[in-house]
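Close look at the chain arrangement
Next come the chains, spelled out residue by residue.
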Amino acid sequence: MKIIIRPETDADYELITNVINLAFKQTNEGILVEKLRETSCFVSQLSLVALVKGKIVGHVLFYPITINTEKAFCSSLSLAPIAVHPDYQRRGIGSKLVEEGMEAAKRLGYSSVIVIGHSTYYPRFGFKIAKEYGISAPFAVPENAFFAKALVNKGLEDCSGGKVVYPKELYDCM
Ligand SMILES: CC(C)(COP(=O)(O)OP(=O)(O)OC[C@H]1O[C@@H](n2cnc3c(N)ncnc32)[C@H](O)[C@@H]1OP(=O)(O)O)[C@@H](O)C(=O)NCCC(=O)NCCS
């Protein structure tokens, strides 16, 4: 199966929301992407779609965030949401979205990614429990579901003791 990953275009918006709604079986995450797209921080090159035979079957968003310590604001990315159409799951599409998204993020100069998600899914991409880097979440989240990954050498070095700051739009959709 040939999977093409590319950044979203204006023509994709409705199709992206549809895929997200189908994958999550609710509308919160689709609304979140629509709201974040309206913000000045949104990076369309990091809102990626997966196509199979020209059809959008998956989407991932990497959204800029900061990890704030007493000394510094470290820029990072939040990987969320990620969605694959239920008919196309478990065929490597989610993995390709994560991997190509991280490559794109690296090319754009980002040095790390944070994700809240399934404890067995993210370690395969090199994510580690965020606590190992001394990074905490701004709300209660199980320790084994809160991950961080450095995209470059020492990419999380200055973030120890830091707390992730998510965009307010996330809280509206929780
Ligand atoms: C999570 C999701 C994006 C994965 O996409 P995918 O294309 O099915 O993933 P891949 O084919 O690349 O990888 C499949 C692997 O992911 C694992 N996986 C899929 N969903 C999972 C879940 N909910 N919990 C844990 N592991 C999961 C599978 O067990 C499989 O593992 P294996 O390779 O050891 O068999 C997709 O299942 C999805 O859209 N789920 C609904 C929305 C969601 O939960 N998003 C993530 C929020 S963190």
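Residues numbered from 1 in each chain as written. Predicted model: local features only at pLDDT ≥ 70, side-chain atom pairs only at ≥ 80, totals over all residues. Heavy atoms only, no water.

Remarks on the pattern of salt bridges
Tallied over the entire structure, the rule returns 6 salt bridges. The partner of Arg37 in a salt bridge is Glu8, and the shortest N-O contact between them spans 2.8 Å. Here Arg37 is found in helix 2 (residues 28-37), whereas its partner Glu8 is found in the loop between strand 1 (3-7) and helix 1 (13-24), with 29 residues between them in sequence. Glu8 carries the same exposure label as Arg37, and that label is buried. The salt bridge partner of Glu169 is Lys168, with a shortest N-O separation of 3.3 Å. According to the relative accessible area criterion, Lys168 is exposed, its value standing at 60%. (Salt bridge = Lys/Arg side-chain N within 4 Å of Asp/Glu carboxyl O. Helix = DSSP H or I, 4+ residues; strand = E, 2+ residues; numbered from the N terminus. Buried < 20%, exposed > 50% of the residue type's maximum accessible area, 1.4 Å probe, protein only.)

Regarding helix 1
In this model helix 1 runs 17 Å from its N-terminal to its C-terminal C-alpha over 12 residues, within 8% of the 16 Å that 1.5 Å per residue would give. Among the residues making up helix 1, those that are buried are Ile16, Thr17, Val19, Ile20 and Ala23. On an axial view of helix 1, the arc spanned by its buried residues comes to 165 degrees, and they lie on one face. Phi turns positive one or two residues past the end of helix 1, at Lys25, with a value near 60 degrees. (Expected span 1.5 Å × (residues − 1). Arc of directions from axis to C-beta.)

Considering the packing of aromatic side chains
Counted by the stated rule, this structure contains 7 aromatic pairs. With 5.1 Å between their ring centres and 85 degrees between their planes, Tyr121 and Tyr122 make a pair best called edge-to-face. Between Tyr122 and Phe125 the ring centres are 6.4 Å apart and the planes differ by 55 degrees, which places this aromatic pair in the tilted class. Of the two residues, Tyr122 and Phe125, both sit in the buried class. Ring pairs connect the aromatic residues Tyr121, Tyr122, Phe125, Phe127 and Phe147, which therefore count as one cluster. Stacked on the ring of Tyr13, the Lys or Arg Arg37 has its end atom at 3.9 Å from the ring centre. (Phe/Tyr/Trp six-rings, centres within 6.5 Å; stacked < 30°, edge-to-face > 60°. Lys NZ or Arg CZ within 6 Å of the ring centre and 35° of its normal.)

A short note on the pairing of strand 7 (residues 146-150)
Successive residues of a regular strand alternate their side chains across the two faces of the sheet. When you tally the buried positions in strand 7, you get 4 out of 5 residues, the bulk of the element. As defined by bridge partners, strand 5 (residues 112-116) adjoins strand 7 across 5 bridges and the pair is classed as antiparallel. What sits directly across from Val113, in strand 7, is Lys149. Bridge count for strand 6 (residues 128-129) against strand 7 is 2 bridges, and the pairing is antiparallel. Of the residues in strand 7, the one forming a bridge with Lys128 is Ala148. (Pairing = 2+ DSSP bridges.)

Some remarks on the nonpolar core
Soluble globular proteins: nonpolar side chains tend toward being buried together. Formed by 31 residues in total, the largest nonpolar core has its most connected members in Leu79, Ile93, Leu97, Tyr122 and Phe127. Among the secondary structure elements, those contributing two or more residues to this core are strand 1, strand 2 (47-52), strand 3 (55-68), strand 4 (73-84), helix 3 (93-107) and strand 5. Ranked by the residues each element gives to this core, the list is headed by helix 3, at 6 residues. The residues touching Ile93, leaving out its near neighbours within four places in the chain, are Met1, Ile3, Ala50, Val52, Val57, Val84 and Tyr88. Leu51, Tyr63, Ile67 and Phe146 belong to the second largest nonpolar core, which has 29 residues in total. (Core = buried A, V, L, I, M, F, W, Y, C linked by side-chain atoms within 4.5 Å. Contact = heavy atoms within 4.5 Å.)

A word on unusual backbone geometry
For residues other than glycine, phi is negative in most cases, and the peptide bonds are mostly trans. Look at the link from Ala80 to Pro81: it is a cis peptide, with omega at -10 degrees. Tracing the chain through its elements places Pro81 in strand 4. Of note in the backbone geometry, Lys25 takes a positive phi value of approximately 60 degrees without being a glycine. When you line up the elements, Lys25 lands in the loop between helix 1 and helix 2. A positive phi angle is found at Lys154, which is not glycine, with a value near 60 degrees. Within the fold, Lys154 resides in the loop between strand 7 and strand 8 (163-165). Look at Lys154 and you get exposed, because its relative accessible area is 58%.

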